[in-house]
Amino acid sequence: MNFAFSTLGVPGMEVRDVVRTAAETGCRGVELRAHPEEPVHPGLLPQERRSVVREFAAAGVEVLAVAGYARVAAEGDDEAVYEELYRLVHLAADLGAPFVRVFPGGGGRPQDDADATAARRLGAAAEVAADAGVRVLLENHDSHPSGADTARVVAAVGHPHVGAVWDVLHSWRAGEAPARTHGLLAPYLGYVQVKDCADRDDPTPLPLGAGTLPLGACVAAAGPDGWFCWEYEKRWFPGVPALPGLLAAGRAHVEGLLAGGSR
Ligand SMILES: O=C(O)c1ccc(O)c(O)c1
């Protein structure tokens, strides 16, 4: 199994400690939250990018994705969004990451308008991504929480360098069954973000297996071949326990689910 964690779970942690944490807990990859608060973001200079690459390579850990904050369905000019997408794609290429994560961010816009805007911007980014050898993945999130919402946009783009990342929390909270979400996203899926929480109305992060999110059904649907990335939202819930001490058990829990465990 390929298991990763997102640096959303370790706010502000230096790259050397991120990489050490991954290596010590059996995580093969890391999703790097590409935000100016964090050590890795699109403003990094070339020598800083090379240093990140060296740290990961030395530990044998992969950069799974650059998790960006571009909001591709948002109202407003395309130019600023294109610029953000290009910067994320080039950062991912420089770091050897196969994926860039982006958000819909359509707010309260009518669905057709939000979809058309997102598909237009992702379509433009697709060619740049193809040249760079990267895939841009739209996450099911905010205005587009379900697999159906995300698949509608990605299908409209119709380009192999634009796909989807499945966040198991948002589709579940939207009332979509895991097997259905996976069925809709499977043709486009880059990787799966796993998490757990007490119930649909309380997204406070819990250790994997400690909540009621139907993680077993999600993991079973996704199967053993792709990446699972634990996105523990410590940045937004600072009071929850630190992630590093939970990682090895979280990884083992997903392994157990893949091997036929129940929930
Ligand atoms: O990067 C983030 O801030 C963020 C927040 C919530 C999510 O569900 C997520 O997938 C990412």
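Not measured: the values here are computed from a predicted model.

1. Describing the packing of helix α5 (residues 147-157) against helix α7 (residues 178-185)
Put simply, α5 and α7 touch, their axes get as near as 9 Å, and they point 5 degrees apart. Relative to α7, the element α5 is oriented roughly parallel. Here G147, A148, T150 and A151 of α5 come into contact with α7, specifically with T181, L184 and L185. Of the residues contributing to the contact of α5 with α7, the split by class is four nonpolar, three polar and no charged.

2. Observations regarding the side chain of H170
Examined against the element boundaries, H170 turns out to sit in helix α6 (residues 168-173). Judged by relative accessible area, which is 15%, H170 ranks as buried. A polar contact of 3.3 Å, which involves the side chain of H170, links it to the side chain of D167. Dropping the residues within four chain positions of it, H170 is found in contact with E139, N140, H141, P145 and K195.

3. Let's talk about helix α9 (residues 244-258)
Given a rise of 1.5 Å per residue, 15 residues ought to cover 21 Å, and the 22 Å separating the end C-alpha atoms of α9 matches this to within 8%. Tucked inside the fold, the buried residues of α9 contact β1 (2-6), α1 (15-24), α8 (215-222) and β10 (227-230).

4. Observations regarding the environment of D149
Checked against the element boundaries, D149 lands in helix α5. Discounting residues that sit within four places of it in the chain, D149 has contacts with Q111, S143 and H144. Here the side chain of D149 touches S146 through a polar contact of 2.9 Å, side chain to side chain.

5. Focus on the confidence of the model for the protein
Summary statistics for the protein give a mean pLDDT of 97 and a share of 99% for residues scoring 70 or more. Between the elements of the protein, mean pLDDT differs from a low of 96, seen in strand β8 (residues 197-199), to a high of 99, seen in strand β5 (residues 135-139).

6. Let's talk about the packing of helix α3 (residues 78-95) against helix α4 (residues 111-132)
α4 packs onto α3 with a crossing angle of 25 degrees between their chain directions and a minimal axis gap of 10 Å. Between α3 and α4, the angle falls in the class roughly parallel. Of the two elements, α3 crosses α4, and the hand of that crossing is right-handed. Contact with α3, carried on its side by D78, V81, Y82, L85, Y86, V89, H90 and A93, involves R120, R121, A124, A125, V128, A129 and A132 of α4 and no other residues of that element.

So, how was this worked out
Residues numbered from 1 in each chain as written. Predicted model: local features only at pLDDT ≥ 70, side-chain atom pairs only at ≥ 80, totals over all residues. Heavy atoms only, no water. Axes fitted to C-alpha atoms, helices over the stretch in contact; angles between N-to-C directions. Helix = DSSP H or I, 4+ residues; strand = E, 2+ residues; numbered from the N terminus. Parallel < 35°, antiparallel > 145°, perpendicular 65-115°, else oblique. Contact = heavy atoms within 4.5 Å. Nonpolar A, V, L, I, M, F, W, Y, C, P; charged D, E, K, R; others polar. Buried < 20%, exposed > 50% of the residue type's maximum accessible area, 1.4 Å probe, protein only. Polar contact = N/O pair within 3.5 Å; in protein donor to acceptor, adjacent residues only side chain to side chain. Expected span 1.5 Å × (residues − 1). pLDDT = per-residue confidence, 0-100. Left-handed = near helix turned anticlockwise from the far one by under 90°.

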